[in-house]
Amino acid sequence: MSAAPNHVVIVGRDAPLWLSAAVLRVALEPAGVAVTAVELPSRLTAASVHASLPALEALHNLLGLDESALMRGVGGAFSLGGNFVDLTGQAPAFFHAHGAHGAPIDGRDFFPFWLKARGLGLNAEFADFSLTAAAAKHGRFVMPDEETEVFGRADYGYHLPALAYAGTLKSLAIRRGVEAHQALNVSVERTETGDIAVLDLGEDRRITGDIFIDATEGLLVGGAREAWTFPADRVLTALAPAFPSIPAYAETRAWARGWTALHPTQNATHLVQAYASDLCADDEALQAAQAASGLPIKDASVRVSEPGRRLSAWDRNVVAIGEAACVFDPLHGVDLHAVQMGLVQLLALFPASGDWAREQAAYNRAMAERYERVRDFQQLHHAVNRYGASDFWTRARQAPISADLAHRIATFQARGEIAPFEHDSFQADSWRAMFVGHGVTPDSHAPIIDATSPELMKHEFRRILSFIKDQVERQPTHDLYLESFCGREPVHG
């Protein structure tokens, strides 16, 4: 049996490159694995932003990143979820919160009780039973502690200006021992079997390795790609002034020909807008972004969006990470999460010998499922939207969806249950928040909860809402937390 791989070479740019380099170096250093990073020119602008899911915090902890220093250094903000608003006036707003909704009643899951109570006239929304949603709506920030954990999971993500975040990760990776090179481009020399043998960086610089990570848009990896159907094929990013009081959440605003997301940070508001080029020209999209945000914008740029995944993310001795493996719709800001998913799975299957056929097959199978679960969550928003009869949103409702997503929709519609699938990045309460927010009302609830007395159910509802109210009043405002925790200068005026 040949020796285990001991040299990983990563080619990429910006956060995908440096997050990969730092994570692999920290995780594999005890095994004697060297990591080399080849940095290609950045494609970021001042408006670029990473809107992370809560799972990123765990990766930061692995890297030993001090959260306070990170947020102070990059000017980031915290996010407790996302508010979805319909500017067409057809559907009510709803909040998708990070974290749990409600608490178990009589030893059983909260949601069926809420569903039953709604049918009996309860006027409290599902998000009203979420501590993080309530805090976000009141301008507060919840840092999970023992008391909140007893009640239920309280999670948060980040809004991270992409240029500064990439710089922080680069410094960390180099400090931890990653060998770094810069190149305008790379050319690849392959063996007879198709493996990469050498990377030529120009100027007589040649790099060899055992495993190569493609953290570009797919410059190293080969193989077929599967296209996914989403209504938007253009993404506009732009920068706007910071809010005087920084919301602890993102807001996605639907308009007739697309949607506009606002991601607040300490020093600016980052706009991400998705639209269809056959329905809206780029100059019209810029005007729509200004109108949808209500803010003066600058540094606008447009890129093409082509969602889909590579059928084999690990091909020969090349592992595709992030965009090289899968391109998502910009909804929910999952691009950085895609990088994290690939890294975590690779570390779980990193070869112990030079024969990695089984690891490769397992990786490709798992990553296909992981990517498809995220795609389904994104497509759910489009498939069940109530944003009027415009061409864009009609097209979104009529787009084909996977059999798994169709099963999930049918199962929820029938009895309010979330069909379980392996490798799901989003918790059941996230799926419920999206279903309920879009007005999907289940036909029935789980009958087992009917054994719980109405008196106990009412008591528990009151207890939960009282706990949330008391906790929200005790929490600091998001602005105050950023000032005390991150050293942000207070805003006067």
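Residues numbered from 1 in each chain as written. Predicted model: local features only at pLDDT ≥ 70, side-chain atom pairs only at ≥ 80, totals over all residues. Heavy atoms only, no water.

*Asks:* Explain the pattern of salt bridges residue by residue, including any values.
*Replies:* Two side chains bearing opposite charge may form a pair once their charged atoms approach each other closely. Overall, the coordinates contain 24 salt bridges when judged by the stated rule. Between Glu39 and Lys170 there is a salt bridge, and its shortest N-O distance comes to 2.9 Å. Here the residue Glu39 occupies a position in strand S2 (residues 34–39), and Lys170 occupies one in helix H7 (residues 162–175), the gap between them amounting to 131 residues. Among the salt bridges present, the one from Glu226 reaches Arg309, with a minimum N-O distance of 3.8 Å. Remark: Arg309 occurs in strand S19 (residues 308–310) and Glu226 occurs in strand S13 (residues 225–227); sequence separation between them is 83 residues. (Salt bridge = Lys/Arg side-chain N within 4 Å of Asp/Glu carboxyl O. Helix = DSSP H or I, 4+ residues; strand = E, 2+ residues; numbered from the N terminus.)

*Asks:* Could you give an account of the sheet that holds S19, naming the residues involved and the relevant values?
*Replies:* Spatially, S13-S19-S22 is the arrangement adopted by the three strands of the open sheet, whose pairing is antiparallel. Of all the strands in the sheet, just S13 and strand S22 (326–327) have a single pairing partner and so form its edges. With two bridges joining them, S19 and S22 adopt antiparallel strand pairing. Pairing of Arg309 across the sheet is with Cys326, part of S22. Lying on the sheet, helix H10 (residues 357–383) is in contact with S13, S19 and S22; it crosses S19 at an angle near 175°. (Pairing = 2+ DSSP bridges. Contact = heavy atoms within 4.5 Å. Axes fitted to C-alpha atoms, helices over the stretch in contact; angles between N-to-C directions.)

*Asks:* Please set out the pairing of strand S14 (residues 234–240) residue by residue, giving values where relevant.
*Replies:* Of all seven residues in S14, six are buried, a share of seventy percent or more. Relative to strand S18 (residues 298–304), S14 runs antiparallel, the two being bridged by five bridges. Each bridged residue has a counterpart across the sheet, and for Arg234 the counterpart in S18 is Val304. (Buried < 20%, exposed > 50% of the residue type's maximum accessible area, 1.4 Å probe, protein only.)

*Asks:* Before we move on, can you summarise the layout of surface pockets with the specific residues and values?
*Replies:* Within this model, the second largest pocket holds a volume of roughly 400 Å³. Every residue lining the second largest pocket is counted, 21 residues in all, and those nearest its centre are Trp114, Arg118, Glu125, Val436 and Gly437. Of the residues forming the lining of the second largest pocket, the biggest block, four residues, is contributed by helix H4 (residues 110–119). The residue inventory of the lining of the second largest pocket, partitioned by class, reads twelve nonpolar, five polar and four charged. (1 Å grid on protein atoms, 1.4 Å probe; cavity = no way out; pocket = protein on both sides within 12 Å on 5 of 7 lines; lining within 4 Å. Points joined across faces, edges and corners; volume = space filled by probe spheres on them. Nonpolar A, V, L, I, M, F, W, Y, C, P; charged D, E, K, R; others polar.)

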